Amino acid sequence: MLQAEGEFALVTQYMEKALHSPLWFWGKFNLYALLIDTAAQQRDLLALRQYMVPAEESALQNDHHLYIGVAYRAKGVMYRLMSDYREAELWLTKALEVFEKLQTRWQIGRTFYELGELAHLQDNTLAAYGHYSRALASFEALGAVPDAKRTRIALGTLNITAQ
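Note that the structure is predicted; figures quoted are calculated from it, not measured.

*Asks:* Now, about the environment of His 120: what can you tell me, with residues and values included?
*Replies:* Along the chain, His 120 falls in helix α6 (residues 105-121). Given a relative accessible area of 29%, His 120 falls into the partly exposed group. Once the C-alpha coordinates of His 120 and Tyr 132 are considered, the two residues, 12 residues apart in sequence, prove to be 9.8 Å apart. Ignoring sequence-local partners within four residues, the contact set of His 120 consists of Ala 128, Tyr 132, Thr 157 and Leu 158.

*Asks:* Quick rundown of the side chain of Arg 73? Include the residues and the values.
*Replies:* Here Arg 73 lies in helix α4 (residues 65-81). Arg 73 sits in the buried class, given a relative accessible area of 2%. A distance of 3.2 Å separates a polar atom in the side chain of Arg 73 from a polar atom in the side chain of Thr 111. With residues near it in sequence (within four places) discarded, Arg 73 still touches Asp 37, Trp 91, Leu 92, Ala 95, Phe 99, Gln 107, Arg 110, Thr 111 and Glu 114.

*Asks:* Before we move on, could you go through the packing of helix α2 (residues 28-42) against helix α3 (residues 45-61) and cite the residues and values that matter?
*Replies:* It is at 9 Å that the axes of α2 and α3 come closest, and there the two elements cross at 140 degrees. By the angle class used here, α2 and α3 are oblique. Every pair of crossing elements has a handedness; the one defined by α2 and α3 is left-handed. Contacts between α2 and α3 involve Phe 29, Tyr 32, Leu 35, Ile 36, Ala 39 and Ala 40 from the first element and Ala 47, Leu 48, Tyr 51, Met 52, Pro 54, Ala 55 and Ser 58 from the second.

*Asks:* So what's going on with the nonpolar core? Residues and values would help.
*Replies:* In terms of nonpolar packing, the biggest core is built from 44 residues, with Ile 36, Leu 48 and Tyr 132 touching the most fellow members. Put simply, the parts of the chain that give this core at least two residues each are α2, α3, α4, α5 (85-102), α6, α7 (125-142) and α8 (145-156). Sort the elements by how many residues they give to this core and α4 lands first, with nine residues. Those residues within four positions of Tyr 132 in sequence are excluded, and the remaining contacts are Phe 112, Tyr 113, Gly 116, Glu 117, His 120, Thr 151, Ala 154, Leu 155 and Leu 158.

Each value, and the rule that gives it
Residues numbered from 1 in each chain as written. Predicted model: local features only at pLDDT ≥ 70, side-chain atom pairs only at ≥ 80, totals over all residues. Heavy atoms only, no water. Helix = DSSP H or I, 4+ residues; strand = E, 2+ residues; numbered from the N terminus. Buried < 20%, exposed > 50% of the residue type's maximum accessible area, 1.4 Å probe, protein only. Contact = heavy atoms within 4.5 Å. Polar contact = N/O pair within 3.5 Å; in protein donor to acceptor, adjacent residues only side chain to side chain. Axes fitted to C-alpha atoms, helices over the stretch in contact; angles between N-to-C directions. Parallel < 35°, antiparallel > 145°, perpendicular 65-115°, else oblique. Left-handed = near helix turned anticlockwise from the far one by under 90°. Core = buried A, V, L, I, M, F, W, Y, C linked by side-chain atoms within 4.5 Å.

The structure is reproduced here in structure tokens:
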């Protein structure tokens with residue numbers, strides 16, 4: 001998959017083009033979920049603002065719990081990018097609740113990673129360490145090597161001293 005290799009711009013172009021095509025198979029709610037998830041990973045605030053409302057609305061209308069969680073996590077990233085940390089934490093926590101009910105370990109790991117980044121931005125090193133550690137445990141349990149590596153790097157940036 002192109003997205004797995006980091007070619008986010010190309011993936012986004014294909015998905016945006018698909019929005020204007022007949023969608024007898026995919027449905028727009030699938031494309032919106034992919035667009036906001038990609039935008040969140042890219043830290044693309046403009047795309048998040050553009051697609052957040054239709055993505056969340058379509059996920060809720062279709063009662064698609066996984067996409068509801070994806071929308072909530074993307075909303076958390078969007079608020080973090082806007083420096084509204086309270087709203088960011090609220091939506092990331094809601095996303096985590098959805099993913100924990102679904103028992104989707106990779107999504108749980110990704111959401112803990114986002115919570116770790118949020119805590120790190122707020123200079124809450126202990127909370128960041130806890131979130132990153134939980135993300136790492138999820139990724140390692142799945143064998144998600146690139147995500148585990150990225151999380152280890154994030155853990156390494158924390159200034160934790162032995163007590």
